[in-house]
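As a plain string of letters, each chain reads:
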Amino acid sequence: MARMALLWKRLMTENVKSLFGVDDEAKAIWVFLEQMGGSLEGVGLELLAQGRRMADDVGWQVVALLLGDQIGHLAKEAIAYGADEVWLAEHSLLKDYTVDAYGGVVCDALMKGKPSVFLAGATPNGRDLLGRLAVRMRAGLTADCTDLRLIADTGVVISEVTGFGGGILALIEAPTHRPQMSTVRPGVFPLGEPDASRGGHVIDFQALLSEDMLQTEVVETVVGAGVDLTQVEALVIGGRGIDGNFDMLRELADALGGDIGATRPPVDDGYIKRERQIGQTGVVCRPKVAIVCGVSGAFHFVVGIQDADTVIAINTDPEAPMFEFADYCIVGDAAEIVPALTRALTLERVLSA
Amino acid sequence: MPELKIVVCMKVVPKPEEVGVDTETMRLDRENARSEMNPPDMNALEMALDFKDRYGGSVDILSMGPPFFSDILPVGLAMGANHIYLLSDRGFGGADTLATTYTLAQGIRKIGDVDLIFCGEESSDGATGQVPPGIAEWLNINQITMVNRLDYDAKRKMVRGQREIPGGHQIVDTPLPSVISVATASNEPRFMDYRIKPSAFEDDRITTWAAKDMDVDPGLIGEPGSPTIVSGLDQAPSRERRMEFIGGTPEDIALKLAEILEDRL
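On a predicted model such as this, the values are computed, not experimentally measured, just so you know.

### So, the pairing of strand S6 (residues 115-121) of chain A
All names here are of chain A.
- Among the seven residues of S6, seven are classified as buried, and the element is accordingly described as predominantly covered.
- As paired strands, strand S1 (residues 26-33) and S6 are joined by four bridges and run parallel to one another. The partner of Trp30 across the bridge, within S6, is Phe118.
- Here S6 pairs with strand S11 (residues 180-184) via five bridges, running parallel. In the sheet register, Leu119 faces S11, and the bridge partner there is Ser182.

What follows is the structure, given as structure tokens:
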């Protein structure tokens, strides 16, 4: 079997060693809980739920690692969502995430707790942190995972990741290195039901930090001004074929309670901001419905909506490749069909009110 | 004041839509795929060249991969980069991010006195996004990831980056030397300059280093330096779409779509 051969080869060669190994590991799944301004990022809680499922199968512990300034109240939430233990590090220099401060404290905690598994959300900060820590600890890291399994008899985590724009699935493991580190995409694992009556321990972990250890400074954080198309349920997307008429798409999106996006050409032409670009070099979305107007259907774009539940495509060209990636195909002019659809939806709402 | 010395890490990748899996051998079939510059790395190169335009200095390209990369990498020279360093050795093969970042970091050390290292946010083939922080850790220097705008304060030898975070952004200051990962699609890469292009593909613009030319620990490169193994590989199940055509007047179509939307939302 290919895997056994690989493993054998790996064990027989003199290879890089992690700071602690399988023999020293604690049978525990650690989850990095990211917080900003005193509220927890959703993906951390999703990972607590998944960590709980994986740990319960093998009788391991789930430990949440929580860093920040005056965020002790969040420990209760972590326990309610499935943590047996919360390692809490509070320090004024942990107020904002910087890899200087967080990297040092998280590494200290990992060296003390020696968990077999360490998980974090594949958020900008999660990737920033684990990418650095994996090198510091000489550990294996799987990134942007879409599934995780813990093999009961070996304690090895198998991570599923995608590559090539989602076209290829790979299973990756780091059988001989600890901790087994992974970042996981937000939204992959369902959030558990919080149980306020759950018991758990809070362990105060002392963060050894001083100003002179930090070089990077967060000058300003602005949240709420940007758009987040990854959470939108109804997405109306325009391509070159709509000639910059995004007002019409906006009206339809409003009627659906959704938002608008674009392919690259209208962004390059300045019709719409780059933050709304969908595709391989933009945002990858998973809406319930994507309505795609005047888009030819190049691969670089299609990967951005391949996880949509339903795709509706409108294009004047019956040969447009986009139709091959759509559930409902309309050969016609978006400038006629989109306003008609907006009217129909508005009328429906009035009638049903 | 010495000029800014900038390195951009770039990778050549197979076009994603042309890669398949040989399910029997569990290997990627890249044979039939054409190669391209990793699209996010083009954003990194653009930000680096823009830095050179604004503040002066030099921009070199660093890559690790097989010799054929030298057919594609000169595109970066034609856009305005100065020189290419290609780390190419059979011993580098089979590297995961730990071994890759070590090898690239040793390449950066050999180039010497580098102030800024720009990387794409992630590669289209592996999509791990772990290379930029990994390089920064091996070199023990600072990092700002997911940057969509960067300015330089020469007096303080600091860069100020605008970093994308969910639903907003952050302004982050850090001293040089530093690694910057550039958020995908944060700029529009320039076209090749037809005046430079003829000289871009000349051999003296590429320096190739093998393991023996570099100061590398054999236990930290290639397979021995990689903690992870790929134990399974498969074509992702492609989603079957209905491809149902709806005809009629715009009003007919609108009513039918309204029905579908009500059902699906």
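### A closer look at the sheet that holds strand S18 (residues 328-331) of chain A
- Read from one edge of the open sheet, six strands run S15(A)-S14(A)-S16(A)-S17(A)-S18(A)-S15(B), paired in parallel fashion. Edge positions in the open sheet fall to strand S15 (259-262) of chain A together with strand S15 (244-245) of chain B, since each of these has one partner strand only.
- Relative to strand S16 (residues 289-293) of chain A, strand S14 (residues 234-238) of chain A runs parallel, the two being bridged by five bridges. For A:Ala234, the partnering residue across the bridge sits in S16(A) and is A:Val289.

### So, the interface of chain A and chain B
- Facing 90 residues of chain A, the contacting portion of chain B comprises 76 residues.
- In the side of chain A that touches chain B, the residues fall into 42 nonpolar, 25 polar and 23 charged.
- Of the pairings in the sheet, the one linking strand S13 (residues 217-223) of chain A to strand S11 (residues 168-175) of chain B comprises six bridges and is antiparallel in character. In the strand pairing of S11(B), A:Glu220 is matched with B:Ile171.

### Re the confidence of the model for chain B
- The predicted model of chain B has a mean per-residue pLDDT of 91, with 97% of residues at 70 or higher.
- Here the predicted complex carries an ipTM of 0.90, next to a pTM of 0.85.

### A short note on the packing of helix H5 (residues 124-136) of chain A against helix H5 (residues 131-139) of chain B
- Two numbers describe how H5(A) lies on H5(B): the axes approach to 8 Å, and their chain directions differ by 45°. Regarding the angle of H5(A) to H5(B), the classification is oblique. Remark: the crossing between H5(A) and H5(B) carries right-handed chirality. Across from A:Asp128, A:Gly131, A:Arg132, A:Ala134, A:Val135 and A:Arg136 in H5(A), the residues of H5(B) making contact are B:Pro132, B:Pro133, B:Gly134, B:Ala136, B:Glu137 and B:Trp138.
- Of the residues assigned to the contact of H5(A) with H5(B), the class counts are six nonpolar, two polar and four charged.

### Comments concerning the sheet that holds strand S10 (residues 168-173) of chain A
- One open sheet holds the four strands; their spatial order is S8(A)-S9(A)-S10(A)-S14(B), and the pairing between them is antiparallel. Among the strands making up the open sheet, the edge pair consists of strand S8 (147-150) of chain A together with strand S14 (229-235) of chain B. Going from strand to strand, the sheet's axes swing by 20° on average, the running direction of each strand aside.
- Sheet topology note: the strand S9 (residues 157-163) of chain A/S10(A) ladder contains five bridges and is antiparallel. Bridge assignment links A:Ser159 to a residue of S10(A), and that residue is A:Ile172.

### Here we look at the environment of A:Asp96
- Relative to the elements of secondary structure, A:Asp96 occurs in the loop between strand S5 (85-90) and helix H4 (99-113).
- Setting aside residues up to four positions removed in sequence, A:Asp96 forms contacts with A:Val218 and A:Thr221.

### Considering the domain arrangement of chain A
- Domains assigned within chain A are domain 1 (13-213) and domain 2 (229-345).
- The centre of domain 1 of chain A, based on its C-alpha atoms, is set 36 Å off from the matching centre of domain 2 of chain A.

### A short note on the environment of A:Leu93
All names here are of chain A.
- Tracing the backbone shows Leu93 in the loop between S5 and H4.
- Take Leu93: there are 18 C-beta atoms within 10 Å of it, and that puts it in the partly exposed class.
- Remark: the alpha-carbon pair of Leu93 and Leu214, spanning 121 residues in sequence, is separated by 8.8 Å.
- Every residue in contact with Leu93, bar those within four places of it in the chain, is listed here: Ala101, Leu209 and Leu214.

### Here we look at the nonpolar core
- A:Val31, A:Leu65, A:Leu66, A:Ala78, B:Val8, B:Ile117 and B:Phe118 are the most contacted members of the largest nonpolar core, which has 134 residues in total.
- Non-local contacts of A:Leu66, meaning those with residues more than four positions away in its chain, are made with A:Leu33, A:Ile71, A:Leu74, A:Ala75, A:Ala78, A:Val86, A:Trp87 and A:Leu88.
- Judged by nonpolar contacts, the second largest core, of 54 residues, contains A:Val289, A:Ile305, A:Ala320 and B:Ala254.

### Some details on the packing of helix H9 (residues 334-352) of chain A against helix H7 (residues 250-264) of chain B
- Relative to each other, H9(A) and H7(B) sit at 50°, their axes nearing to 8 Å. Put simply, H9(A) runs oblique to H7(B). Considering only the axes of H9(A) and H7(B), their crossing is right-handed. The residues of H7(B) that touch H9(A), namely those facing A:Glu336, A:Ile337, A:Ala340, A:Leu341, A:Arg343, A:Ala344, A:Leu345 and A:Glu348, are B:Pro250, B:Glu251, B:Ile253, B:Ala254, B:Leu255, B:Leu257 and B:Ala258.
- Each residue belonging to the contact of H9(A) with H7(B) can be placed in one class, and the counts come to eleven nonpolar, no polar and four charged.

Cut-offs and rules
- Residues numbered from 1 in each chain as written.
- Chains lettered and ligands numbered in written order.
- Predicted model: local features only at pLDDT ≥ 70, side-chain atom pairs only at ≥ 80, totals over all residues.
- Buried ≥ 20, exposed ≤ 12 C-beta atoms within 10 Å, placed from the backbone.
- Helix = DSSP H or I, 4+ residues; strand = E, 2+ residues; numbered from the N terminus.
- Pairing = 2+ DSSP bridges.
- Contact = placed C-beta atoms within 7 Å.
- Nonpolar A, V, L, I, M, F, W, Y, C, P; charged D, E, K, R; others polar.
- pLDDT = per-residue confidence, 0-100.
- Axes fitted to C-alpha atoms, helices over the stretch in contact; angles between N-to-C directions.
- Parallel < 35°, antiparallel > 145°, perpendicular 65-115°, else oblique.
- Left-handed = near helix turned anticlockwise from the far one by under 90°.
- Domains from an automatic or database assignment.
- Core = buried A, V, L, I, M, F, W, Y, C linked by C-beta atoms within 7 Å.

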